[in-house]
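Descriptive structure summary
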Amino acid sequence: MRHPGRWAGAAVILLFLGLFIQSLATNPNFRWDVVWLYLRDARVIEGVGWTLLLTALSMVLAITLAILLAFMRQSDNPIFRWSSWTWVWFFRGTPVYTQLVFWGLLAVLYPKISLGVPFGPELFAFNTQDVVNAFWAAVLGLGLNESAYLAEIFRAGLKSVDKGQIEAAEALGMRSRKIMWRIVLPQAMRVIVPPTGNETIGMLKTTSLVLAVPFTLDLTFQTNALANRTYLPIPLLIVAAIWYLVITSILMVGQHYIEKHYGRGVDNVSGARGPVINPAAAKAAAGGHSPPELPGGATAVEGEYLEESGR
């Protein structure tokens, strides 16, 4: 069938794409010479490194807490369930910028952190500012906020596994820990990995808000500082955008292969099963007679197909 609407739509897209590329190549205000100069600047590269470190540490903290929160939410203990729910409610219900400001002012609220007997003597104490500096305050703010979102993702992944499989494993005498690692998690990861990858990419871009702590070594702050110094905001914004796109593309490739790993045996199942045997076609192929049955209820035609396919 002919589809003129599709060709017209494709032509419009190509037209706008050509106009966009022409504007990028001919508009002198983009200042591509400045973009190329600062794309390799040492301060920008340093900002990329700090951004990656913030993202990695925040996600490690968030994933660790999210796993704990997801198991607590499914616990039979009501204190565990309500503690997990309250954590998710609070950190999802307040803006991440507000939380970062709070962690940046933690030393003002608690100048000294001590451990001891309640209403009794102190065992030891230390200054908050010496331990929770700007970098670790940013990691805490980002990680704790993200843990609330990941906890719901992990909980949905665990609930996606049929309870009958868990009951069957228990009937076989498997321990709870082995059931979780060998049966539940491998299947739940197919549901967990895609949104977790999206959250990791979102975390990469959320690091641009750590100025609220304030932490002043990330990629966004470095490019903004260079833009204020050179009075060229557009080229420096393009530099930051290019680096974020490069890192995001690498993360997307890694996410693709992780999804492919945990989707083995499930993705494209219909294609792996081969053609479906049509009883009418099998009867016609047998000269108008029903093909003889084999032990187990399979017909001769089906037996031939199974034998050829190695089943």
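The model shown is predicted, which means the values in this text are computed figures rather than measured ones. (Residues numbered from 1 in each chain as written. Predicted model: local features only at pLDDT ≥ 70, side-chain atom pairs only at ≥ 80, totals over all residues. Heavy atoms only, no water.)

**Considering the UniProt feature "transmembrane region" (unreviewed entry) in the protein chain**
UniProt feature "transmembrane region" (unreviewed entry): in the numbering of this structure it lies at residues 49-72, 84-110 and 234-254. Structurally, residues 49-72 comprises 100% helix and 0% strand, and the distance from its first C-alpha atom to its last is 35 Å. From the first C-alpha to the last, residues 234-254 spans 30 Å; its make-up is 100% helix and 0% strand. (UniProt positions renumbered as here; feature names shortened; annotations may be inferred. Helix = DSSP H or I, 4+ residues; strand = E, 2+ residues; numbered from the N terminus.)

**Topic: the nonpolar core**
The tendency in soluble globular proteins is for nonpolar side chains to be buried as a group. By size, the foremost hydrophobic cluster in this structure holds 39 residues, and its most contacted members are Leu54 and Leu158. Going through the elements one at a time, α3 (42-73), α4 (78-93), α5 (96-104), α8 (134-159) and α10 (176-206) are the ones with two or more residues in this core. Of the residues forming this core, the biggest block, 12 residues, is contributed by α8. Listed in part, the 16 residues of the second largest apolar core include Val44, Leu236, Val239 and Ala240. (Core = buried A, V, L, I, M, F, W, Y, C linked by side-chain atoms within 4.5 Å. Buried < 20%, exposed > 50% of the residue type's maximum accessible area, 1.4 Å probe, protein only.)

**Structural notes on the packing of α10 against helix α12 (residues 233-262)**
Here α10 crosses α12 at 180 degrees, and the two axes come no closer than 9 Å. Classified by the angle their axes make, α10 and α12 are roughly antiparallel. Packed against α10, whose contacting residues are Pro186, Met189, Arg190, Val193, Pro194, Gly197, Asn198, Thr200, Ile201 and Leu204, the element α12 presents Tyr244, Ile247, Thr248, Leu251, Met252, Gln255, Ile258, Glu259 and Tyr262 at the interface. A per-class count over the contact of α10 with α12 returns 12 nonpolar, 5 polar and 2 charged. (Axes fitted to C-alpha atoms, helices over the stretch in contact; angles between N-to-C directions. Parallel < 35°, antiparallel > 145°, perpendicular 65-115°, else oblique. Contact = heavy atoms within 4.5 Å. Nonpolar A, V, L, I, M, F, W, Y, C, P; charged D, E, K, R; others polar.)

**A word on unusual backbone geometry**
The step from valine 213 to proline 214 runs through a cis peptide bond, and the omega angle for that step is 10 degrees. At arginine 31, a position not held by glycine, the phi torsion is positive, near 50 degrees. Within the element layout of this structure, arginine 31 appears in the loop between α1 (4-26) and α2 (32-39).

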